[in-house]
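# Report on the structure
In case you want the letters, here they are:
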Amino acid sequence: MLGALVEDFARLEGVTVWAMLADSLGRRYARVLFQNKRIGWYAVGTAEAARRTFDTLARLADWTVVIAPELDGELLAWCRRVEAVGGRLLGPSPAVVALASDKEATCRCLAAAGVNVPVGIALGPGQRVPAGFGFPAVVKPCWGAGSQGVQKVLSARAAEQAVARLGVACRVERFCAGQPASVAVLCGPGGCRPLVPCTQRLGRGFRYLGGGLPLPRPLARRAVRLGVRAVTALPQPRGFLGVDLVLGLDPRGSDDVVIEINPRLTTSYVGLRRAAVSNLAGVMLAVAQGRACRLCFRRMVVQFTAKGQTQVRHSSGCCSG
């Protein structure tokens, strides 16, 4: 994901990219990935070195893209550092990151805006599920990423036990049957530009395995409609936002729901860029600046894994996005 974005930015005229990597990734990896002379990379081995290098780069750069998990407030902390040193985020503001990182707060925000979300409640260790809450249900930490701790439960007792084992505030929500999907939306002062919606492949325990594109057209239209409504419910959305959905069994979309919003670059980027005729990094930058831009995708079938590996199965022609 990092390599794909860096390479795309480096292809833009007049753009120089600086990338910061944890030293654990290895200098060999960085040299292979970033051979372009317009890409500078920095390997950092300690937390203090990471903060010092990041602050310097964010202060000097025109734009900063933060790729980090929401876990333990890490994404939010790095986004706040950008603004603290006078930098400019090419991505959601700290306010949006804080909201979207909290699954319960996100669902409340979306529901207040009339966006469909699963029926759910916030539940802490030792608390009881209200009588009449329907099952099966899904238990997930309010602050989490990568499906960690997410599990399906069949009763109130099982839900309470799951929350007790996790030991943190959780959201318990009704299980929603349907097609797991995602739609990435690029946002800026001129509005929102949805990208081609993707399927999601989920393994045991809702573990994310990857996805593919495109969705069948009727499902794609529903995904775009709901995804755009979700991100526009956020306060001044900006940059790349990924919306996870379940497209329900009603062909009219009445039971389609938003599961969560990822306030950062998602793995779908690696698949989307394979199908894109336009440079997605360039489109992201143009949308953030409020400039007009062309967004076009090839008619092709692309599969991608959670680790960012892609495979093109079919390609023919081009369509506008």
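Residues numbered from 1 in each chain as written. Predicted model: local features only at pLDDT ≥ 70, side-chain atom pairs only at ≥ 80, totals over all residues. Heavy atoms only, no water.

## Observations regarding helix α8 (residues 217-232)
Between its terminal C-alpha atoms α8 stretches 22 Å, which fits the 22 Å expected from 16 residues at 1.5 Å a residue. Along α8, the residues classified as buried are L219, A220, R222, A223, L226, G227, A230 and V231. Down the axis of α8, the buried set is contained in an arc of 160°. They therefore lie on one face. Away from its buried face, by an angle of more than 90 degrees, α8 presents the exposed residues R217 and R221. Contact partners of the buried residues in α8: α6 (103-112), β7 (179-188), β8 (191-194), β11 (239-247) and β12 (257-262). (Helix = DSSP H or I, 4+ residues; strand = E, 2+ residues; numbered from the N terminus. Expected span 1.5 Å × (residues − 1). Buried < 20%, exposed > 50% of the residue type's maximum accessible area, 1.4 Å probe, protein only. Arc of directions from axis to C-beta. Contact = heavy atoms within 4.5 Å.)

## Observations concerning helix α10 (residues 280-289)
In terms of residue burial, α10 counts as a mostly covered element, since 9 of its 10 residues are buried. Turning to α10, its buried residues are L280, A281, G282, V283, M284, L285, A286, V287 and A288. Contacts made by the buried residues of α10 are with α1 (2-10), β7, β8, β11, α9 (268-275) and β13 (296-305). Capping of α10 at its N-terminal end is provided by N279; its side-chain oxygen lies 3.0 Å from the backbone amide nitrogen of A281. G290 lies just past α10 and shows a positive phi near 75°. (Polar contact = N/O pair within 3.5 Å; in protein donor to acceptor, adjacent residues only side chain to side chain.)

## Examining the packing of helix α4 (residues 74-84) against helix α5 (residues 94-101)
Helices that pack against each other are described as a pair by the angle of their axes relative to one another and the distance between those axes. Here α4 crosses α5 at 175°, and the two axes come no closer than 9 Å. When the interaxial angle is binned, α4 and α5 end up roughly antiparallel. Here L75, L76, C79, R80 and E83 of α4 lie close against α5, whose contacting residues are P94, V97 and A98. Per-class residue counts for the contact of α4 with α5 are 6 nonpolar, no polar and 2 charged. (Axes fitted to C-alpha atoms, helices over the stretch in contact; angles between N-to-C directions. Parallel < 35°, antiparallel > 145°, perpendicular 65-115°, else oblique. Nonpolar A, V, L, I, M, F, W, Y, C, P; charged D, E, K, R; others polar.)

## Let's talk about the sheet that holds strand β6 (residues 170-174)
Strand order in the open sheet formed by 4 strands is β3-β6-β4-β5, and the pairing between neighbours is antiparallel. The open sheet has two edge strands with one neighbour each: β3 (120-123) and β5 (151-153). Between one strand and the next, the sheet's axes are offset by a mean angle of 25°, whatever the strand orientation. Pairing of strand β4 (residues 137-141) with β5, which is carried by 3 bridges, proceeds in the antiparallel orientation. Its bridge partner lying in β5, V139 is registered against Q151. Sheet strands touched by α6: β3, β4 and β6. Its angle to β6, the strand with the most contacts, is close to 50°. Most of the contacts of helix α7 (residues 156-166) go to β5, to which it runs at about 150°, and overall it touches β3, β4, β5 and β6. (Pairing = 2+ DSSP bridges.)

## As for the pattern of salt bridges
Applying the stated rule across the entire model yields 15 salt bridges. A salt bridge links E260 to K103; its shortest N-O distance comes to 3.7 Å. Residue E260 is located in strand β12, and its partner K103 is located in helix α6; the two are separated by 157 residues in the primary sequence. Accessibility assignment for this pair places E260 and K103 in one class, buried. Residues joined by salt bridges that share partners form a network here, namely E104, R108, K140, R171 and E173. (Salt bridge = Lys/Arg side-chain N within 4 Å of Asp/Glu carboxyl O.)

## Regarding the pairing of β6
Summarising burial for β6: 4 of the 5 residues are buried, a large majority. Pairing between β3 and β6: 4 bridges, direction antiparallel. Counterpart to A122 in the pairing with β6 is R171. Sheet analysis places β4 next to β6, joined by 5 bridges and oriented antiparallel. Note on β6: the bridge partner recorded for P141 is C170.

## Brief notes about a positive patch on the surface
Among the surface-exposed residues, R217, R221, R225, R229 and R299 lie close enough to one another that they form a single positively charged patch. At 4 residues, the largest contribution of residues to the positive patch is made by α8. Structurally, the position occupied by R221 is in helix α8. Taking relative accessible area as the criterion, R221 reaches 53% and is therefore assigned exposed. (Patch = residues over 30% accessible without salt bridge, like charges linked within 9 Å, V, L, I, M, F, W, Y side chains within 5 Å. Areas by Shrake-Rupley, 256 points an atom, 1.4 Å probe, with all protein chains shown as cover. Lys, Arg positive; Asp, Glu negative; His and termini not counted. Charge placed at Lys NZ, Arg CZ, Asp CG, Glu CD.)

## Some remarks on the packing of aromatic side chains
Pairs of aromatic rings are described using the distance from one ring centre to the other and the angle between the two planes. Enumeration over the complete set of coordinates arrives at 3 aromatic pairs. Considering the side-chain rings of F133 and F135, the 5.6 Å spacing of their centres and the 70° angle between planes classify their relative orientation as edge-to-face. Residue classification places F133 among the buried positions, given a relative accessible area of 11%. Against the face of W63 rests R88, its NZ or CZ located 3.8 Å from the ring centre. Above the plane of the ring of F175 lies K152, whose end atom (NZ or CZ) is 4.0 Å from the centre. (Phe/Tyr/Trp six-rings, centres within 6.5 Å; stacked < 30°, edge-to-face > 60°. Lys NZ or Arg CZ within 6 Å of the ring centre and 35° of its normal.)

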